[in-house]
Amino acid sequence: MTKKILLLPGDGIGPEVMAEVRRVLDWFNEKYGLPLEMSEDLVGGVAYDRHGVPLASTTLAAAQAADAVLLGAVGGPKWKNVGYDKRPEAALLALRKELNLFANLRPALAFDALLDSSPVKPEIIRGLDLLIVRELIGGVYFGEPSGITDIGNGQRRGVNTQVYTTSEIHRIARVAFEQARQRSNKVCLCDKSNVMVSGLLWREEVAKLHEAEYSDVELSYIYADTCAMQLMGNPKQFDVLLTDNLFGDILSDEAAMLTGSIGMLPSASLGAADTKGQRKAMYEPAHGSAPDIAGKNIANPLASILSAAMMFRYSFGWTEEAAMIETGVRSVLDAGIRTADIAAPGKKPIGTKAMGDAVLQALNTSYSSARVTQKAALA
Ligand code: NAD
């Protein structure tokens, strides 16, 4: 069955990195024969420029009709004076909310070839394979009441509300436990239950669910501030880190730095499974639109290319093809081919397009050698 993919390149480096993803998808479609149908639309600042809103209703409808959405990045200084509801980033929150994408999966994987690119000592991160499972459509980013009010005497008051319910906690905790079962079988819940009652609810509800359905998985707890320290000092103690929207946002960026560059980290945002087991899903790099390097052909496209691998695995069940992309990326890095953000000192970096070329070359090589082996086996 043909898989319909909606590409939303967005702003800044989004279109540059997405162009390389498109080439990889075209390769799988044309050369490898995967049934992919791609369409493209505007999101973020460029959509605001065209439609006066960062997410047009037609784009949202296309996202809802697609089997998966691949997003580049949104935002940039050009839109800094746009009204709060129409800022480019509002499109992201709207897509997550409208597609009900409650589960954000952010792997942090240390590639051996990049150990020297991390600001953290190699022995601390060698072999790191951590998955952050972040609740994505609840908590303080969406809770009501929220807003800024005038309280007189020249004073204003800004309010956001941290709020979670049992079912919101259970559905994301289930994702974490299920993922852990396919990995090292450990979940650590990260919260601030020492000072926030919403955190206390997380602890109690995750413990109840664990006891009732997932007692085979090892469950531990950590406060978010301690977690921030432990991620720097001893990140390999974690397998699956389960956390809310706010802490997940911050800690996943911290975990990104462990791996060397935010330009390396993919992410998946998943909705609930329907009766056929299909989920709405959006895949995107962990980084933003990087206005400081946009348009220079120096952005690292690997986070976006690896996001396409996550799409193959989580949305389409194409694990072999996902592994082909991941192995291709690994072999490119092993060969010392690097963009500026991950370049070894004294080594000349390559550009965004050249990195796309290198990944395609790696795919071609592995495909040709697989065909040679296949032919030899048949002969
Ligand atoms: P950023 O992730 O865009 O950039 C942070 C730093 O990392 C910059 O120095 C940038 O050059 C570098 N960087 C990021 N991606 C890179 C890549 N692929 N290759 C090489 N270097 C890379 O974060 P920021 O500067 O805080 O935000 C810039 C804009 O992006 C803001 O408008 C912000 O709101 C938006 N943003 C969007 C998303 C998203 O679309 N999902 C996420 C975060 C930030």
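Now for a description of the structure that goes with this document.

Reading guide: rules and limits
Residues numbered from 1 in each chain as written. Predicted model: local features only at pLDDT ≥ 70, side-chain atom pairs only at ≥ 80, totals over all residues. Heavy atoms only, no water. Near = heavy atom within 4 Å. Polar contact = N/O pair within 3.5 Å; in protein donor to acceptor, adjacent residues only side chain to side chain. Nonpolar A, V, L, I, M, F, W, Y, C, P; charged D, E, K, R; others polar. Helix = DSSP H or I, 4+ residues; strand = E, 2+ residues; numbered from the N terminus. Buried < 20%, exposed > 50% of the residue type's maximum accessible area, 1.4 Å probe, protein only. Phe/Tyr/Trp six-rings, centres within 6.5 Å; stacked < 30°, edge-to-face > 60°. Lys NZ or Arg CZ within 6 Å of the ring centre and 35° of its normal. Pairing = 2+ DSSP bridges. Axes fitted to C-alpha atoms, helices over the stretch in contact; angles between N-to-C directions. Contact = heavy atoms within 4.5 Å. 1 Å grid on protein atoms, 1.4 Å probe; cavity = no way out; pocket = protein on both sides within 12 Å on 5 of 7 lines; lining within 4 Å. Points joined across faces, edges and corners; volume = space filled by probe spheres on them. Domains from an automatic or database assignment.

**What about the site of the ligand?**
Surveying the vicinity of the ligand reveals 20 residues, the closest of which are Val74, Glu89, Gly288, Ala290 and Asn300. Separating a nitrogen atom of the ligand from a side-chain N or O atom of glutamate 284 is a distance of 3.2 Å. A distance of 3.3 Å is found between a nitrogen atom of the ligand and a side-chain nitrogen or oxygen belonging to histidine 287. Residue composition of the shell around the ligand, by class: nine nonpolar, seven polar and four charged.

**Observations concerning unusual backbone geometry**
Of note, the bond from glutamate 144 into proline 145 is cis; its omega dihedral lies within 30 degrees of zero at 5 degrees. Relative to the assigned elements, proline 145 resides in strand 6 (residues 143-152). Of note, asparagine 153 is a non-glycine position whose phi angle comes to about 55 degrees, a positive value. In this structure asparagine 153 comes out as exposed when scored by relative accessible area, which is 80%.

**A short note on the environment of glutamate 144**
Tracing the backbone through its elements, the reader meets glutamate 144 in strand 6. Note on glutamate 144: relative accessible area 57%, which makes it exposed. Remark: the alpha-carbon pair of glutamate 144 and valine 159, spanning 15 residues in sequence, is separated by 8.7 Å. Of note is the side chain of glutamate 144, whose polar atom sits 3.0 Å from the backbone nitrogen of serine 146.

**Here we look at the packing of aromatic side chains**
Note on aromatic pairs: each is described by the distance of the centres and the angle between the planes. Taken as a whole and assessed by the stated rule, the structure comprises 11 aromatic pairs. Arranged with centres 4.9 Å apart and planes meeting at 55 degrees, the rings of phenylalanine 316 and tryptophan 318 form a pair that is tilted. The exposure classification of phenylalanine 316 matches that of tryptophan 318, with both residues buried. Here the aromatic cluster, defined as three or more aromatic residues joined through ring pairs, consists of Trp27, Phe28, Tyr32, Phe312, Phe316, Trp318 and Tyr367. A cation sits over an aromatic face here: arginine 87 above tyrosine 84, 3.8 Å from the ring centre. One Lys or Arg, lysine 97, reaches over the ring of phenylalanine 142 and ends 4.5 Å from the middle of that ring.

**Here we look at the sheet that holds strand 11 (residues 266-270)**
The 10 strands lie next to each other as 2-1-3-12-11-4-5-10-8-9, forming an open sheet whose pairing is mixed. The sheet is open, and its two borders are formed by strand 2 (36-40) and strand 9 (218-223), each paired with just one other strand. For this sheet the average axis-to-axis angle between neighbouring strands, irrespective of direction, equals 20 degrees. As paired strands, strand 1 (residues 3-10) and strand 2 are joined by five bridges and run parallel to one another. Within strand 2, the position partnered with isoleucine 5 by the bridge is methionine 38. This element, helix 9 (residues 245-258), spans strand 4 (103-109), strand 5 (129-135), strand 8 (186-191) and strand 10 (240-243) of the sheet and lies at about 155 degrees to strand 5. The sheet strands contacting helix 10 (residues 302-314) are strand 1, strand 2, strand 3 (68-73), strand 4, strand 11 and strand 12 (281-285), and the helix crosses strand 11 at an angle near 40 degrees.

**A few points about empty space enclosed by the protein**
A probe matching the size of a water molecule, rolled over the atoms, marks out where space remains unfilled. Under the defined criterion, the tally for this structure stands at one cavity of 30 Å³ or more. Here the largest cavity defines a volume of roughly 50 Å³. Lining the largest cavity are Gln162, Cys190, Asp191, Lys192, Met196, Ser198, Gly199, Trp202, Thr243, Asp244 and Phe247. If you list the elements that add at least two residues to the lining of the largest cavity, you get strand 8 and helix 7 (197-213). Considering every element that reaches the lining of the largest cavity, the biggest residue donor is helix 7, with three residues. Looking at side-chain class alone, the lining of the largest cavity contains four nonpolar, four polar and three charged residues.

**Side note on the layout of surface pockets**
Within this model, the largest pocket holds a volume of roughly 940 Å³. Within the residue set of the lining of the largest pocket, elements represented by two or more residues are strand 3, helix 4 (88-98), strand 4, strand 6, strand 7 (155-161), helix 9, strand 11 and strand 12. When residues in the lining of the largest pocket are grouped by element, the largest group, seven residues, is from helix 4. Taken together, the residues of the lining of the largest pocket sort by class into 21 nonpolar, 13 polar and 10 charged. For the lining of the largest pocket, the two domains that each supply at least three residues are domain 1 (1-102 + 271-379) and domain 2 (105-265). Taken together, 30 residues form the lining of the second largest pocket, with Leu131, Gln179, Met310, Arg313 and Tyr314 sitting closest to its centre. No other element matches the five residues that helix 6 (residues 166-181) contributes to the lining of the second largest pocket.

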